[in-house]
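Structure at a glance
Chain by chain, the residues run as shown.
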Amino acid sequence: MSVVALINPNTSRAATAMMAGIARRTLRPEDGFEVRGVTVAEGPSMLVTEDLLRASGPQVVAAARRTLAGPDGERVAALVVSAFGDPGVEQLRAEARIPVVGIAEAAMAEAASGGRRFGIATTTPGLAGAIAARVEQLGHSARYTGIRLTPGDPRELAAAPELMRERLGEAVEACVADDGAEAVIIGGGPLGEAAEALQGRFAVPVIGPIPAACRMLVARLSR
């Protein structure tokens, strides 16, 4: 059984459980995987600004180190960093001897496959600059159609799942109809359930970043 540790860079244990549950629908026990959700020790319950995203990097690294040094750490075969910004991914790759995947890099790679143009729909305007920087860092700028943001406070939307799905759906529609996106990423690990609910409602793929990271991980582990 390959153990995959999914690290939640915010301190919401409910979000950790939700994201790990999504990962288990791709990394299934019958396929030889066990997903363990790991929550960082300190920080906010939601990453809504670039400063908070940057500050979460050391917490992600510390959580990974604790997990790998734990009594069952030798069974951990891979790490998933489940924030759309991939905090701490580069440092973990430099330290860890196992595959490390960030959900933003995986979602963008999948969205851009085959030369597709892709957009991003999300709820956090305070992360728009960091997301654009990640797109450029990963070499996807030529295929990126831009970001569409939902109106309203992201924390309030998180507490109203039906409204959040509706507004994210409107943002996806704008990515497609106004920006020409051929695939749309729902930009956020805690938006994973909304991403699942929106799949199949549009003429283009709607990509959830957690399943995309899991698929990338399977490909890397099978090499």
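Anything mentioned here points back to the structure above.
What counts, and at which threshold
Residues numbered from 1 in each chain as written. Predicted model: local features only at pLDDT ≥ 70, side-chain atom pairs only at ≥ 80, totals over all residues. Heavy atoms only, no water. Axes fitted to C-alpha atoms, helices over the stretch in contact; angles between N-to-C directions. Helix = DSSP H or I, 4+ residues; strand = E, 2+ residues; numbered from the N terminus. Parallel < 35°, antiparallel > 145°, perpendicular 65-115°, else oblique. Left-handed = near helix turned anticlockwise from the far one by under 90°. Contact = heavy atoms within 4.5 Å. Nonpolar A, V, L, I, M, F, W, Y, C, P; charged D, E, K, R; others polar. 1 Å grid on protein atoms, 1.4 Å probe; cavity = no way out; pocket = protein on both sides within 12 Å on 5 of 7 lines; lining within 4 Å. Points joined across faces, edges and corners; volume = space filled by probe spheres on them. Pairing = 2+ DSSP bridges.

Points about the packing of helix α4 (residues 103-111) against helix α5 (residues 128-137)
Running from N to C, α4 and α5 point in directions that differ by 60°, and their axes come no closer than 11 Å. Taken together, the axis directions place α4 and α5 in an arrangement best described as oblique. As for the relative orientation of α4 and α5, their crossing is right-handed in sense. On the side of α4, the interface is formed by Ala104, Glu105 and Met108, while α5 contributes Ile131, Arg134 and Val135. Split into classes, the residues belonging to the contact of α4 with α5 amount to four nonpolar, no polar and two charged.

A look at the layout of surface pockets
By volume, the largest pocket amounts to about 330 Å³. Along the wall of the largest pocket there are 16 residues; nearest its centre are Ala15, Met18, Ala158, Met164 and Pro190. If you list the elements that add at least two residues to the lining of the largest pocket, you get α1 (13-24), α7 (161-177) and α8 (192-198). Taken together, the residues that form the lining of the largest pocket break down as ten nonpolar, four polar and two charged. In this structure, the second largest pocket occupies an estimated 190 Å³ of space. Around the second largest pocket sit Glu50, Leu53, Arg54, Gly57, Gly85, Pro87, Ala130, Ala133, Arg134 and Gln137, which together line it. Those elements that provide at least two residues to the lining of the second largest pocket are α2 (50-69) and α5.

Re the packing of α1 against helix α9 (residues 209-221)
Where α1 contacts α9, the axes come no closer than 9 Å and their chain directions differ by 50°. Judged on the interaxial angle alone, α9 and α1 are oblique. The interaxial crossing formed by α1 with α9 has right-handed handedness. Counted together, Met19, Ile22 and Ala23 of α1 and Ile210, Pro211 and Cys214 of α9 form the full contact between these two elements.

A closer look at the sheet that holds strand β2 (residues 33-39)
The strand order across the open sheet formed by four strands is β2-β1-β3-β4, and the pairing between neighbours is parallel. The outermost strands of the open sheet, each flanked by one partner alone, are β2 and β4 (100-102). Strand-to-strand, the axes of this sheet are offset by a mean angle of 25°, without reference to chain direction. Its contacts with the sheet place α1 against β1 (2-8) and β2, and it is angled at close to 160° to β2.

Some words on empty space enclosed by the protein
Tallying each qualifying case throughout the model produces one cavity of 30 Å³ or more. If you add up the space inside the largest cavity, you get close to 200 Å³. A per-class count over the lining of the largest cavity returns ten nonpolar, nine polar and no charged.

Remarks on the sheet that holds strand β5 (residues 118-122)
Spatial ordering of the open sheet is given by β6-β5-β7-β8, a layout of four strands whose pairing is parallel. Only two strands of the sheet have a single neighbouring strand rather than two, namely β6 (144-149) and β8 (206-207). Sheet topology note: the β5/strand β7 (residues 183-186) ladder contains four bridges and is parallel. Opposite Ala121, over in β7, you have Ile186 as the bridge partner. Against the sheet, α7 contacts β5, β6, β7 and β8, and its axis sits at roughly 160° relative to β5.

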